[in-house]
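Residue-level structure breakdown
Residues per chain are reported as follows:
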Amino acid sequence: MRHPFTVALCAAALGALAGCDAPSGGNEVDRALADIDVVDETNLSDVMLSAADPAEAVRYFQRAAEQNPDRLDLKRGLAKSLVRAGRTTEAVPAWERVTADEGATHADAVAFADALIRAGDWARAEEVLDAIPPTHETFRRYRLEAMVADANEEWETADSFYETAVGLTTQPAGVLNNWGYSKLTRGAPAEAERLFAQAIRQDPELFTAKNNLVLARGAQGKYTLPVIPMTQTERAQLLHTLGLSAVKRGDVATGEGLFRDALETHPQYYEPAARSLAALED
């Protein structure tokens, strides 16, 4: 696919070369056109990584990388597209090939660690992160460092990395949610509640944080929904989650009432709440 700016570049390049001597003009034109092809291909690669169907992006980069095995940008594009397509098993060796290239960057190593974590290889991910110089300070690096520290139950280290990561991004909702979940699993629901509330303030559409917030409140015996933005369907789902928390704590009557509220609130028939209610009644 060609883009309008490519035509303009061709015209400009050919015009600039019109005054060249005949013997070398052909080679200059070939080099100019080759440069234009790279520019156009780079633009297409960006489109494939951001807007194309994930499976189609993988096919595009597989073909391109096979035809140009020395192109690091195409190998990197293939690795990224495999992660985007959820093909983690293939993404790990793809990122390994990228990081083995002499032109690989510290950001490539971070992406490799990310793929390893997705594949569940926490130990190797930690090794990759440890090999990255401390001067490479990015949000993505510190978010992964926090997750690894969490997996190792190194709580103080995890908190330090989470705090640093939050300060390095303008969109901290996801990492705040992760940090809150870490606090919840450690048995600190009040601290978790605070972090989940911050995540929702940053991204009112983040339902995972809303659900986790309700779990944190339920763990403290708070059986009322917080004042947060929610749709009618979300309200029903959150009431159900709160009901499950109540039953888990032994507050069965409260849980039953919350399940009934969820059924009445949901704009359609809400099967999960109905099943939970039936289980209590049986």
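Now for a description of the structure that goes with this document.

Criteria and thresholds
Residues numbered from 1 in each chain as written. Predicted model: local features only at pLDDT ≥ 70, side-chain atom pairs only at ≥ 80, totals over all residues. Heavy atoms only, no water. Helix = DSSP H or I, 4+ residues; strand = E, 2+ residues; numbered from the N terminus. Buried < 20%, exposed > 50% of the residue type's maximum accessible area, 1.4 Å probe, protein only. Contact = heavy atoms within 4.5 Å. Areas by Shrake-Rupley, 256 points an atom, 1.4 Å probe, with all protein chains shown as cover. Axes fitted to C-alpha atoms, helices over the stretch in contact; angles between N-to-C directions. Parallel < 35°, antiparallel > 145°, perpendicular 65-115°, else oblique. Left-handed = near helix turned anticlockwise from the far one by under 90°. Nonpolar A, V, L, I, M, F, W, Y, C, P; charged D, E, K, R; others polar. Expected span 1.5 Å × (residues − 1). Polar contact = N/O pair within 3.5 Å; in protein donor to acceptor, adjacent residues only side chain to side chain.

Observations regarding the overall build of the protein chain
- Scanning the protein chain from N- to C-terminus turns up 15 helices and zero strands.
- Within the protein chain, buried positions represent 41% of all 282 residues.
- A fraction of 47% describes how many contacts in the protein chain between residues 6 or more apart in sequence connect residues 24 or more apart.
- As presented, the protein chain carries roughly 15,100 Å² of accessible surface, and 51% of it is formed by carbon and sulfur atoms.

Some details on the packing of helix H3 (residues 54–67) against helix H4 (residues 72–84)
- Where H3 meets H4, the closest approach of the two axes is 8 Å, and the angle between their N-to-C directions is 155°. If you check the angle between H3 and H4, you find them roughly antiparallel. Between H3 and H4 the crossing geometry is left-handed. On the side of H3, the interface is formed by Pro 54, Ala 57, Val 58, Phe 61, Gln 62, Ala 64 and Ala 65, while H4 contributes Leu 74, Gly 77, Leu 78, Ser 81, Leu 82 and Arg 84.
- Looking at side-chain class alone, the contact of H3 with H4 contains nine nonpolar, three polar and one charged residues.

Quick look at helix H6 (residues 106–118)
- The end-to-end C-alpha distance of H6, which contains 13 residues, comes to 19 Å, matching closely the 18 Å that a straight helix rising 1.5 Å per residue would cover.
- The element H6 is extensively covered by neighbouring structure, given that ten of its 13 residues are classed as buried.
- Of the positions making up H6, those classed as buried are Asp 108, Ala 109, Val 110, Ala 111, Phe 112, Ala 113, Asp 114, Ala 115, Leu 116 and Ile 117.
- Residues of H6 that are buried make contact with H4, helix H5 (88–100), helix H7 (122–130) and helix H8 (139–151).
- Among the residues of H6, the N-terminal cap falls to Thr 105, whose side-chain oxygen and the backbone nitrogen of Ala 107 are separated by 3.3 Å.
- Looking one or two residues past H6, Gly 120 carries a phi angle of roughly 85°, positive in sign.

Remarks on unusual backbone geometry
- In the Ramachandran plot, Glu 153 falls in the positive-phi region, its phi being about 60° despite a non-glycine side chain.
- Looking at Glu 153, the relative accessible area reads 56%, which means it is exposed.

What to know about the side chain of Arg 217
- As for its placement among the helices and strands, Arg 217 is situated in helix H12 (residues 207–219).
- Of the residues examined, Arg 217 reaches a relative accessible area of 12% and is grouped as buried.
- For Arg 217, the side chain forms a polar contact with the side chain of Glu 193, separated by 3.0 Å.
- Dropping the residues within four chain positions of it, Arg 217 is found in contact with Glu 193, Lys 222, Thr 224 and Pro 226.

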